[in-house]
Amino acid sequence: MTSVAVPEFQHRTVLLDEAVDALQLDGERANGLYIDGTFGRGGHSRLILSRLGAQGRLLAFDKDPQAIATAEQITDPRFQIVHDSFATMASALAERSMPKVDGVLLDLGISSPQVDDAARGFSFRNDGPLDMRMDTTRGMSAAEWLATETVETLEKVIKEYGEERFAFQIAKAIVARRAVEPISTTRQLAGIVAGAVKTREKGKDPATRTFQAIRIFINKELEDLEAGLTHAYDCVAPGGILAIISFHSLEDRMVKRFFASKANVPQPDRRLPIRAVDLPQPELKLLAKVKPSDAEVDANPRARSAVMRVARRLPYDDKAAA
């Protein structure tokens, strides 16, 4: 793989201790197999490795070449990195002849280096090329997509993925501007949105929702999450842990509904002559919903919207713990 220079941007891992604690890396579990589905800059992975036993293993994933370059600096033989989406975890395990895992951690947030590096095109605060791809080696950039898409599709994406009530006005403004000049920078797009959005919540930039929507669409984030939830559930062994950190309501709703679909199994009419042992059994036990502490939010305002949901795959032998 061609080496990629990693710019020096600071990143604070959200819910660092809480997420790794949720995996319960003690006793026999310390020698298990775990997945960090979003390596980022390695905060969670490094802490997991520090708590794993000598026989423990960690398989991490990331789409970002800069994250991969950082991960490749880890020389721990218990660690492997995969340059791909966590949605491919089932095939990645199969290719490596790895068994079912003891825990999966997904941190769905965009990393601070991605936001702070203007060249990545994620930020409306810093002017740069309008790219927004997590994986800059493949796929269509945001600028390329905006140059050709219809008003109807632009509106749909901005409304559904950004929950933006001015989606139609923004879509029309984008199409009108591109007829005059190419929309190729983040500052151009932020200006177009600001001109189309007449009111906005106090303290929130008018472009926030639109940039979120385009980023989610370009990177197929919700499609990856939908597939990733299914694969994570299929890949985790009975007794294993699923811990997922989301940062906006679209993600959190998907995680909450998926967990609920496995934890709250519809039961037949009580009047039917069915033995208790034959009743449908839950497949997940919901363990926790965790938000950052006030101290963490004060130190890292980007953590304020984070929510971590934790569940255990059933059946689980230790009845007291289950």
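Please read these numbers as outputs of a predicted model, since none were measured by experiment.

Q: Summarise the pattern of salt bridges; cite the residues concerned and give the values.
A: Tallied over the entire structure, the rule returns 13 salt bridges. Among the ionic pairs, R78 bridges to D76, the shortest N-O distance being 2.7 Å. Residue class for R78 comes out buried when judged on its relative accessible area of 18%. With a shortest N-O distance of 2.8 Å, R215 and E221 are connected by a salt bridge. Note on accessibility: R215 and E221 belong to one class, buried. Taken together, the shared-partner salt bridges in this structure form one network comprising D17, D21 and R51.

Q: Which residues make up the environment of S184, and what values go with them?
A: Following the sequence through the fold, S184 ends up in the loop between α8 (167–178) and α9 (186–196). Here the alpha-carbon distance between S184 and A147, two residues 37 residues apart in the chain, equals 8.9 Å.

Q: Let's hear about the pairing of strand β2 (residues 57–62): which residues, and what values?
A: Across the 6 residues that make up β2, a large majority, 5, are buried. Where strand β1 (residues 33–36) and β2 come together, 4 bridges link them in parallel fashion. Bridging across to β2, I35 finds its partner in L59. Considered for its hand, the β-α-β crossover made up of β1, helix α2 (residues 43–51) and β2 is right-handed. Relative to strand β3 (residues 79–83), β2 runs parallel, the two being bridged by 5 bridges. By the bridge assignment for β3, D62 is matched with H83. In this fold, β2 hands off to helix α3 (residues 65–71), which returns the chain to β3; that crossover is right-handed.

Q: With reference to specific residues and values, describe helix α7 (residues 151–162).
A: The end-to-end C-alpha distance of α7, which contains 12 residues, comes to 16 Å, matching closely the 16 Å that a straight helix rising 1.5 Å per residue would cover. Among all positions of α7, only V151, L154, V157, I158, Y161 and G162 are buried. An end-on view of α7 places all buried positions within 140° of arc, on one side of the element. More than 90 degrees from the buried face of α7, the exposed residues found are E152 and K159. Buried-residue contacts for α7 involve α6 (142–146), α8, α10 (208–218), α11 (221–235) and α12 (249–263). E163, located one to two residues past α7, shows a positive phi value of around 50°.

Q: Residues and numbers for the packing of aromatic side chains, please.
A: Tallied over the full model, the rule gives 5 aromatic pairs. Ring geometry for F39 versus F79: centroids 5.9 Å apart, planes at 45°, classification tilted. Of the two residues, F39 sits in the loop between β1 and α2 while F79 sits in strand β3, which places them 40 residues apart along the sequence. Given the relative accessible area of 2%, F39 is considered buried. Judged by its relative accessible area of 9%, F79 is buried. Ring geometry for W145 against F217: centres 4.6 Å apart, planes inclined by 35°, an arrangement best described as tilted. Remark: F217 occurs in helix α10 and W145 occurs in helix α6; sequence separation between them is 72 residues. Accessibility expressed as a relative area gives 26% for F217, which makes it partly exposed.

Q: Would you mind going over the environment of E251 in detail, with residue names and values included?
A: On the secondary structure map, E251 appears in helix α12. The exposure class assigned to E251 is buried, which follows from its relative accessible area of 3%. E251 sits 56 residues away from V307 along the chain, and the two C-alpha atoms are 9.8 Å apart. When near neighbours in sequence (up to four residues on either side) are disregarded, E251 contacts L108, E221, L222, L225 and S246. A distance of 2.9 Å separates the side chain of E251 from the backbone nitrogen of F247, its partner in a polar contact.

The rules behind the values
- Numbering of residues begins from 1 in every chain and follows the order in which that chain's sequence is written.
- Local features in this predicted model are restricted to residues of pLDDT 70 or higher, and side-chain atom pairs are both shown and tallied only at a pLDDT of 80 or more, whereas totals for entire chains, interfaces and linings draw on every residue.
- Note that water and hydrogens are dropped before the side-chain values are worked out from all heavy atoms of the structure.
- The working definition used for a salt bridge is a side-chain nitrogen of Lys or Arg within 4 Å of a carboxyl oxygen of Asp or Glu.
- Each residue gets one of three labels from its accessible area relative to the maximum for its type: buried under 20%, exposed over 50%, partly exposed in between, using a 1.4 Å probe on protein chains only.
- Each helix is a run of H or I in the DSSP string that is no shorter than four residues. Each strand is a run of E no shorter than two, and both are numbered from the N terminus.
- Following DSSP output, two strands are said to pair if at least two bridges run between them.
- If the strands point away from the viewer and the path from the first strand over the helix to the second runs clockwise, then the crossover is right-handed.
- Multiplying one less than the number of residues by 1.5 Å gives the expected span of a helix.
- Taking the helix axis as origin, the arc is that swept by the directions to the C-beta atoms.
- Residue contacts are counted whenever heavy atoms from the two residues lie within 4.5 Å of one another.
- The pairing test for Phe, Tyr and Trp rings, Trp by its six-membered ring, is centres within 6.5 Å, and the orientation test on the planes gives stacked under 30 degrees, edge-to-face over 60, and tilted for anything in between.
- Under the rule applied, a polar contact is a pair of N or O atoms within 3.5 Å (in protein, one hydrogen donor and one hydrogen acceptor; residues adjacent in sequence only if both atoms are side-chain atoms).

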